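Spelled out from the first residue to the last, the chains are:
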Amino acid sequence: MERTAALSRDQVIEVSAKLGEPRWLLQKRLAAWETFAKLPYPTPRTEEWKYTDITEVPFEELPLELPTGKPKAIPQAVRDRLAQAQLAGYAVFVGAELVHLELPEELRQQGVILTSLHQALAQYPDLLEAHLFKAVNWADWVGPQQNRPENAKIPALNAAFFTHGVFLYVPKNVAFSKPLGVFKYLEGGQLSGSRTLIVAEAHSQAVYIEEYLSPSQVPPSVNTSATEIVLADGAKVRHAHIQLLGRGFYHFHRQRALLQRDATLNDLVVNMGSSLSRAEVQSEMLGPGSFSEMLGLYFTSGTEHVDHYTLQHHVADHAHSDVLYKGAAKDQSRTVYAGLIKVAQGAQKTDAYQTNRNLLLSAEARADSVPQLEIGANDVRCSHGSSTAPVAPEELFYLMSRGLPRHMAQQILVKGHMTDVLTRIPIEPLRQYIESIIEEKVRI
Amino acid sequence: MVNQLEIRNLHAKIADSGEVILKGVNLVVPKGQIHAVMGPNGAGKSTLGKIIAGDPSYEVTAGDILVDGESILELEPDERARKGLFLAFQYPVEVPGVSNANFLRLALQAKKGEEVSMMEFYDRLQRALKTLDWDESILTRYLNDGFSGGEKKRNEIMHMMVLEPTYAILDETDSGLDIDALKVVAKGVNAMRGPNFGALLITHYQRILNYIVPDAVHVMMDGRIVTSGGPELALQLEERGYEWVKELAVTGS
């Protein structure tokens, strides 16, 4: 029997018990519950949510997705991806269940860990207790300094009710360049929540792709995800979050990376699914010499709504960050981008760039772009830029006059618009996959 | 069936501003012939070319355009291309993200309405490149992206040669070209010459007509064709300028 009662404290305890969690984690969940229970949801009056109205999202009207314990096959959509993606290893979740996991013996022997969070809690409790909730914590949004605590609402919901997740650990000096892939297949109709914890020790190197898939049309469904990336000195992580959930999904992603001295993060967020999605992506340059590349691609159609927020937080001096988010919108869809470069006092010699460009394929589509700078040091190089423009009629005419039907001409122009992001994705199969999604999306 | 591109009493204005550009153009290009349209700046020559290809920024208010006897006025630009029309643009658009060759193959397939094998495609490409005295490096570059002015013009001719239209309109393809580039472009057009190819050469200068000898020359002024003649008309214009034609236009002869 599915339960549709409102979320409760008892449910938090029940989830934690069902998952066999240690006491400290239950305490965390309960603390998150306290925050969740007392806060309102963000509204368009909340500055960070000005262009995204979530009042219709049925957060508390859906059954909570829990592990069923029943064996499940790998869905065809995931099989198709596995055949194309050329991965070194992979994990497949269906709902809250880990149904398949493969990690090359060679990586395993070097101490690389790729497993479900709950497996990791049993096997590597110390690692988990040391790192979980360190990068993404609802509590960052509450407290006397924070005047808009409702921003903690959804992160707290995730922390109190997440049911599954991934743990990737890369030991010191261990490096691999062929990607590990994690697929999260959601059947829909439920409230789902997951977390990802990536710990890259000093001078390690890792490539990690996380993809969200579902049937193309689902009843109202909510998914929250939280990704924590911890990079020790000199660690290099390439990370991608690819969201292709079906119509009916409301997807909320929060991601935060902590970069120590000389660490490098190459991040990519692709949001091309869901009825409504929001991704908050944040990099903390905590050590000098750290570098965060943050790329984003989005393409909306129908009445879809996608919202991105990026934060480049320069705490240490001599660090570098580069945001490039590019999107396109057709039909009556809507995109939002807001980004902040925040340079702390003393973070001299900061190099920070932020660019957002939007292409509109119809007169009814809309893109809002809000780039911001907040600079507390005097010897820095920061720049930001944003633009939103419709497809140029003369470009469309040129391509069509050679015989291409309108949708193909538009497809070429959308790809052309996104090309400087696409060419910065060195994982060839991933880039081809994203291009195929763009093609598909122009056609429908 | 009449084998010709016919412009019949064509009137058109700029869709946004309402400014009238064409005021009754009459012109027939039989298949197998190359006609030149000459005239001073602002005569409406380029507009005529774009309207034939279906540029949505203009609105046809009267008249008709017929390809082999069939009106194409209601057709989208891509449908016109499939009827055999081609416009070599005066200012080709730069499109990053798609290579010149990939785009051209898509265009060829769209035009033919069927898959074109790599072999057939490369065969066409090689023939065009050879005629245009060009190397393959132009194929892998993004479409017109960072091309010099001359490269863009030459690339338009290459597209024309690969797509093999029935009627091509060349919109000031000669402008901005040095004499060597001009010869190469002319070589491309002359290679297309034959019973199944007609062309309308829009130009401001007589120079290109030294290399592509037209079957007929039309002079356009203030939105109308004011006089027509053989290749010798171009030489007359070169010597005497457009002033004397202007008088013709005024006297209405």
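Higher on the page you've got the structure.
Our subject in this report is the structure included herewith. (Residues numbered from 1 in each chain as written. Chains lettered and ligands numbered in written order. Predicted model: local features only at pLDDT ≥ 70, side-chain atom pairs only at ≥ 80, totals over all residues. Heavy atoms only, no water.)

**Observations regarding the overall build of chain B**
Then comes step 1: Helix and strand counts for chain B come out as nine helices and 12 strands.
Then comes step 2: At 18 Å, chain B has a C-alpha radius of gyration in line with the 18 Å of a compact globule built from 253 residues.
Then comes step 3: Its C-alpha atoms put chain B at 55 × 40 × 35 Å along the principal axes.
Then comes step 4: For chain B, the residues scored as buried account for 55% of the 253 residues in total.
Then comes step 5: Counting only contacts in chain B whose residues sit at least 6 apart along the sequence, the fraction spanning at least 24 positions is 69%.
Then comes step 6: Total accessible area on chain B is roughly 10800 Å²; 47% of this is exposed by carbon and sulfur atoms.
Then comes step 7: For chain B, the distance from the average position of its 26 positive side-chain charges to the average position of its 36 negative side-chain charges is 2 Å. (Helix = DSSP H or I, 4+ residues; strand = E, 2+ residues; numbered from the N terminus. Rg over C-alpha atoms; globule rule 2.2 N^0.38 Å. Buried < 20%, exposed > 50% of the residue type's maximum accessible area, 1.4 Å probe, protein only. Contact = heavy atoms within 4.5 Å. Areas by Shrake-Rupley, 256 points an atom, 1.4 Å probe, with all protein chains shown as cover. Lys, Arg positive; Asp, Glu negative; His and termini not counted. Charge placed at Lys NZ, Arg CZ, Asp CG, Glu CD.)

**Here we look at the overall build of chain A**
Then comes step 1: A count of helical and extended segments in chain A gives 10 helices and 19 strands.
Then comes step 2: Its C-alpha atoms give chain A a radius of gyration of 21 Å, near enough to 22 Å, the size a compact globule of 444 residues would have.
Then comes step 3: Overall, chain A is about 65 × 55 × 50 Å in size when its C-alpha atoms are taken along their principal axes.
Then comes step 4: The buried share among the 444 residues of chain A stands at 63%.
Then comes step 5: For chain A, the proportion of contacts with a sequence separation of at least 24, taken over those separated by at least 6, is 83%.
Then comes step 6: Of the roughly 16400 Å² that chain A leaves accessible, carbon and sulfur atoms contribute 48%.

**Here's the deal with the sheet that holds strand β15 (residues 320-329) of chain A**
Residue and element names in this part refer to chain A.
Then comes step 1: Judged by pairing direction, the sheet is mixed, and its 10 strands sit side by side in the order β2-β1-β5-β7-β9-β11-β13-β15-β17-β19 without closing on themselves. Unpaired on one side and paired on the other, β2 (97-102) and β19 (381-390) mark the two borders of the sheet. Between one strand axis and the next, the sheet turns through 10° on average, direction left out of account.
Then comes step 2: Taken strand by strand, helix α3 (residues 76-85) contacts β1 (89-94), β5 (180-185) and β7 (205-213), and its axis lies near 165° from that of β5.
Then comes step 3: Running at roughly 165° to β15, helix α9 (residues 406-422) makes contact with β11 (264-271), β13 (291-300), β15 and β17 (351-360) of the sheet. (Pairing = 2+ DSSP bridges. Axes fitted to C-alpha atoms, helices over the stretch in contact; angles between N-to-C directions.)

**Some points on unusual backbone geometry**
Then comes step 1: The phi torsion at A:D262 lies on the positive side, around 60°, for a residue other than glycine.
Then comes step 2: One can find A:D262 in the loop between β10 (247-259) and β11.
Then comes step 3: In the Ramachandran plot, B:E164 falls in the positive-phi region, its phi being about 45° despite a non-glycine side chain.

**Looking at the packing of aromatic side chains**
Then comes step 1: Under the definition given, this model contains 13 aromatic pairs over all chains.
Then comes step 2: Taking the centre distance of 5.9 Å and the plane angle of 90° together, the rings of A:W33 and A:F161 count as edge-to-face. Taken as a pair, A:W33 in helix α2 (residues 23-38) and A:F161 in helix α7 (residues 153-161) lie far apart in primary sequence, 128 residues in all.
Then comes step 3: Seen from their ring centres, A:Y398 and B:F89 are 4.8 Å apart, and the 90° between their planes marks the pair as edge-to-face. Of the two residues, A:Y398 is situated in helix α8 (residues 393-401) and B:F89 in the loop between β6 (85-88) and β7 (95-99); the pairing between them involves two chains.
Then comes step 4: The buried category is assigned to A:Y398, whose relative accessible area is 0%.
Then comes step 5: Judged by relative accessible area, which is 9%, B:F89 ranks as buried.
Then comes step 6: Among the aromatic residues, ring-to-ring pairing joins A:W33, A:F36, A:Y41, A:W49, A:F59, A:F161 and A:F252 into one connected group.
Then comes step 7: Over the aromatic face of A:Y433 sits the side chain of A:R81, whose NZ or CZ is 3.5 Å from the ring centroid. (Phe/Tyr/Trp six-rings, centres within 6.5 Å; stacked < 30°, edge-to-face > 60°. Lys NZ or Arg CZ within 6 Å of the ring centre and 35° of its normal.)

**Looking at the interface of chain B and chain A**
Accessible area lost upon the coming together of the parts serves often as the stated size of an interface.
Then comes step 1: Taken together, the contact between chain B and chain A spans 31 residues of the former and 18 residues of the latter.
Then comes step 2: Taken together, both faces of the contact between chain B and chain A bury some 1900 Å²; the carbon and sulfur share is 72%.
Then comes step 3: Connecting chain B to chain A are two salt bridges.
Then comes step 4: A:R406 is the partner of B:E76 in a salt bridge, and the nearest nitrogen-oxygen pair spans 2.7 Å. (Buried area = accessible area lost by both parts, 1.4 Å probe. Salt bridge = Lys/Arg side-chain N within 4 Å of Asp/Glu carboxyl O.)

**Remarks on the packing of α3(A) against helix α10 (residues 428-443) of chain A**
Residues and elements named next belong to chain A.
Then comes step 1: One way to put it is that α3 packs onto α10 with a least axis distance of 9 Å and a crossing angle of 135°. The angle between α3 and α10 falls in the class oblique. Counting all contacts with α3, which are made through R81, Q84 and A85, the residues of α10 involved are P429, L430, Q432 and Y433. (Parallel < 35°, antiparallel > 145°, perpendicular 65-115°, else oblique.)

**Some words on helix α4 (residues 118-131) of chain B**
Residue and element names in this part refer to chain B.
Then comes step 1: Given a rise of 1.5 Å per residue, 14 residues ought to cover 20 Å, and the 20 Å separating the end C-alpha atoms of α4 matches this to within 8%.
Then comes step 2: Those residues of α4 that sit buried are F121, R124, L125, A128, L129 and T131. Within α4, the buried residues cover an arc of 165° as seen down the axis, which keeps them to one side. What points out from α4, more than 90 degrees from its buried face, is the exposed set M119 and K130.
Then comes step 3: Summarising the contacts, the buried residues of α4 are in contact with α3 (100-112), α5 (137-140), α6 (149-163) and α7 (179-192).
Then comes step 4: D133 occupies a position one or two residues after α4 and carries a positive phi of about 55°. (Expected span 1.5 Å × (residues − 1). Arc of directions from axis to C-beta.)

**Considering helix α1 (residues 45-53) of chain B**
Residues and elements named next belong to chain B.
Then comes step 1: Burial analysis of α1 places eight of its nine residues in the buried class, which makes it a mostly covered element.
Then comes step 2: Listed as buried for α1 are K45, S46, T47, L48, G49, I51, I52 and A53.
Then comes step 3: Positive backbone phi, approximately 100°, marks G54, located one or two places after α1.

**Some remarks on the sheet that holds strand β14 (residues 305-314) of chain A**
All names here are of chain A.
Then comes step 1: Pairing within the open sheet is mixed, and its nine strands lie in the order β3-β4-β6-β8-β10-β12-β14-β16-β18. Looking at the sheet topology across the chains shown, the edges are occupied by β3 (113-116) and β18 (366-375). Sheet twist, expressed as the mean angle between neighbouring strand axes with direction ignored, is 5°.
Then comes step 2: As judged from the 10 bridges shared by β14 and strand β16 (residues 334-343), these two strands associate in the parallel manner. Residue H305 lies in a different strand from β16, and its bridge partner there is R334.

**Comments concerning the pairing of strand β1 (residues 4-14) of chain B**
Residue and element names in this part refer to chain B.
Then comes step 1: Examined bridge by bridge, β1 and strand β2 (residues 20-30) share eight bridges and lie antiparallel to one another. For H11, the partnering residue across the bridge sits in β2 and is K23.
Then comes step 2: Between β1 and β2, which follow one another and run antiparallel, lie five residues, and G18 among them has a positive phi close to 80°.

**Brief notes about the side chain of A:T115**
Residues and elements named next belong to chain A.
Then comes step 1: For T115, the location among the structural elements is in strand β3.
Then comes step 2: Owing to a relative accessible area of 9%, T115 belongs among the buried residues under this scheme.
Then comes step 3: In this view, T115 contacts L101, A120, G165, V166 and F167; residues no more than four positions away in its chain are not counted.

**Examining the side chain of A:R254**
All names here are of chain A.
Then comes step 1: Residue placement: R254 occurs in strand β10.
Then comes step 2: On the basis of relative accessibility, which here comes to 7%, the residue R254 falls in the buried class.
Then comes step 3: Those residues in contact with R254, other than ones at most four positions away along the chain, are V136, W141, P155, S225, A226, T227, E280 and Q282.

**Examining the nonpolar core**
Then comes step 1: Within the largest apolar cluster, 133 residues are counted, with the highest numbers of intra-cluster contacts made by A:L268, A:M272, A:I434 and B:M158.
Then comes step 2: Among the elements that line this core, the one with the most residues is α9(A), at eight residues.
Then comes step 3: In contact with B:M158, other than residues within four places in its own chain, are B:N100, B:L104, B:L125, B:A128, B:L129, B:L132, B:W134 and B:L139.
Then comes step 4: If you look at the next biggest cluster of nonpolar residues, it comprises 46 residues, including A:V12, A:W33, A:L66 and A:F167. (Core = buried A, V, L, I, M, F, W, Y, C linked by side-chain atoms within 4.5 Å.)

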